[in-house]
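One-letter residues, chain by chain:
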Amino acid sequence: MQSEKLSRIVSARVGDPGAIAAAAARRIRATSLLGEHGKAMIIAADHPARGANGVGSDPTAMADRFELLDRLCTALERPGVTGVLATADILEDLLLLGVLDGKSVFGSMNRAGLAGSVFEIDDRFTGYDAETIAAMRFDGGKMLTRIALDDPATPAALSATARAVDELNDRRLIAMVEPFMSAWQDGTIRNDLSTDAVVKSVTIASGLGRRTAYTWLKLPVVAGMERVLASSTLPALLLGGEVTDPQAAFASWGKALKQPTAQGLVVGRSLLYPVGGDVAGAVDKAVSLL
């Protein structure tokens, strides 16, 4: 990351913390959640706040904040990228860098379900809340919603998600719900990515909250996406996950995007840390699918 950019962030955080709110207030908002191609292309970078810093064989790839911000700036500069999803620390850095004009911005809300912890399902809301998302003039909030039928913490997690859905809907902000059917296996939470399980997670998530007018889903691309995307009328954004076979991943994304409820992509590590290292090239290829 260029020293000038780094200096700008650190100087503001040390000497002028109010510069963050000022940058949020003057930011030019996106006119639409969808780009000129009619689909959203959102870059996700909320993984580190859950302790999920690994990419491929490197367990600490995303822990270098300067490198992550540099890659985010590269991605956000590419034509067709419509927005970003991250926690407050990262979004505030991007505001100070002035790279969020014309982009949709989504704040990550529940990050207490730390990766690999014994309390991973007890995913409390330690990030953004609806009030702050509205005050920052962002477009919505995202909540990870894992449904573990073998974990008694699940009802409280579902209740917290429903409350966030309500509070965002009340403010006419997008509630981006990312559901999974999950289970404990050998001391680790595993998400069930079978078609039937993803369909079940969609039907459960679609019913959370007293209003769903502003609820969107964030869903994994799995086998049988026609069935998955037919299980709700809510708009759906497709998540990328960690990609080991880029060609197969891009092909599956492109096929799923043809379904009527699919409104675009929310992709993080596979575009920010692509095989081969070409961030701009990976982002451009993803945009071409739209």
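Whatever comes next refers back to the structure up there.
The shown structure was predicted, so the numbers you read here are calculated from the model rather than taken from an experiment. (Residues numbered from 1 in each chain as written. Predicted model: local features only at pLDDT ≥ 70, side-chain atom pairs only at ≥ 80, totals over all residues. Heavy atoms only, no water.)

## Points about the pairing of strand 8 (residues 236-239)
Here is step 1 of the chain: A two-sided burial pattern is seen for strand 8, the buried positions comprising Ala 236 and Leu 238 on one face and Leu 237 and Leu 239 on the other.
Here is step 2 of the chain: When strand 7 (residues 215-220) meets strand 8, the two strands line up parallel, connected through 4 bridges. Pairing of Leu 217 across the sheet is with Ala 236, part of strand 8.
Here is step 3 of the chain: Pairing of strand 8 with strand 9 (residues 262-267), which is carried by 4 bridges, proceeds in the parallel orientation. Bridging across to strand 9, Leu 239 finds its partner in Val 266. (Buried < 20%, exposed > 50% of the residue type's maximum accessible area, 1.4 Å probe, protein only. Helix = DSSP H or I, 4+ residues; strand = E, 2+ residues; numbered from the N terminus. Pairing = 2+ DSSP bridges.)

## As for the side chain of Thr 154
Here is step 1 of the chain: Mapped onto the elements of the fold, Thr 154 is located in helix 6 (residues 154-170).
Here is step 2 of the chain: A relative accessible area of 6% means that Thr 154 is categorised as buried.
Here is step 3 of the chain: Apart from the residues within four sequence positions on either side, Thr 154 is in contact with Ile 121, Arg 146, Ile 147 and Ala 148. (Contact = heavy atoms within 4.5 Å.)

## Examining helix 9 (residues 246-256)
Here is step 1 of the chain: For helix 9, the set of buried residues is Ala 249, Phe 250, Trp 253, Gly 254 and Ala 256. The buried residues of helix 9 occupy an angular sector of 165° when the element is viewed end-on, so they sit on one face. Residues of helix 9 that are exposed and point more than 90 degrees away from the buried face comprise Gln 247, Ala 251 and Lys 255.
Here is step 2 of the chain: Taken together, the buried residues of helix 9 touch helix 8 (225-229), strand 8, strand 9, helix 10 (269-272) and helix 11 (279-288). (Arc of directions from axis to C-beta.)

## So, the packing of helix 3 (residues 65-76) against helix 11
Here is step 1 of the chain: It is the contact of helix 3 with helix 11, at a shortest axis distance of 9 Å, that shows an interaxial angle of 40°. Judged by the angle between their axes, helix 3 and helix 11 are oblique. For helix 3 against helix 11, the interelement crossing comes out right-handed. Counting all contacts with helix 3, which are made through Arg 71, Thr 74 and Ala 75, the residues of helix 11 involved are Val 279, Ala 280 and Val 283.
Here is step 2 of the chain: The residue makeup of the contact of helix 3 with helix 11, split by class, is 4 nonpolar, 1 polar and 1 charged. (Axes fitted to C-alpha atoms, helices over the stretch in contact; angles between N-to-C directions. Parallel < 35°, antiparallel > 145°, perpendicular 65-115°, else oblique. Left-handed = near helix turned anticlockwise from the far one by under 90°. Nonpolar A, V, L, I, M, F, W, Y, C, P; charged D, E, K, R; others polar.)

## Considering the environment of Ile 189
Here is step 1 of the chain: Residue position: Ile 189 is located in strand 6 (residues 188-191).
Here is step 2 of the chain: Between the C-alpha atoms of Ile 189 and Gly 264, which are 75 residues apart in sequence, the distance is 27 Å.
Here is step 3 of the chain: Residues within four places of Ile 189 in sequence aside, it is in contact with Glu 120, Ile 121, Ser 182, Ala 183 and Trp 184.

## Some words on the packing of aromatic side chains
Here is step 1 of the chain: By the definition in use, this model includes 2 aromatic pairs.
Here is step 2 of the chain: Arranged with centres 5.8 Å apart and planes meeting at 80°, the rings of Tyr 128 and Phe 138 form a pair that is edge-to-face. A residue pair is termed long-range when its members are at least 10 positions apart, and Tyr 128 in the loop between strand 3 (104-108) and helix 5 (130-135) and Phe 138 in the loop between helix 5 and strand 4 (140-148) qualify at 10 residues.
Here is step 3 of the chain: A ring pair is formed by Phe 250 and Trp 253, whose centres lie 5.0 Å apart and whose planes are at 75°; its orientation type is edge-to-face. Of this pair, Phe 250 and Trp 253 are both found in helix 9, 3 residues apart, which corresponds to roughly one turn of the helix. Residue Phe 250 shares its accessibility class with Trp 253, and that shared class is buried. (Phe/Tyr/Trp six-rings, centres within 6.5 Å; stacked < 30°, edge-to-face > 60°.)

## Topic: the environment of Thr 145
Here is step 1 of the chain: In this structure, Thr 145 sits in strand 4.
Here is step 2 of the chain: You can call Thr 145 buried: its relative accessible area is 3%.
Here is step 3 of the chain: Residue contacts for Thr 145: discarding those within four places in its chain leaves Leu 158, Thr 161, Val 177, Glu 178, Pro 179, Phe 180 and Leu 208.

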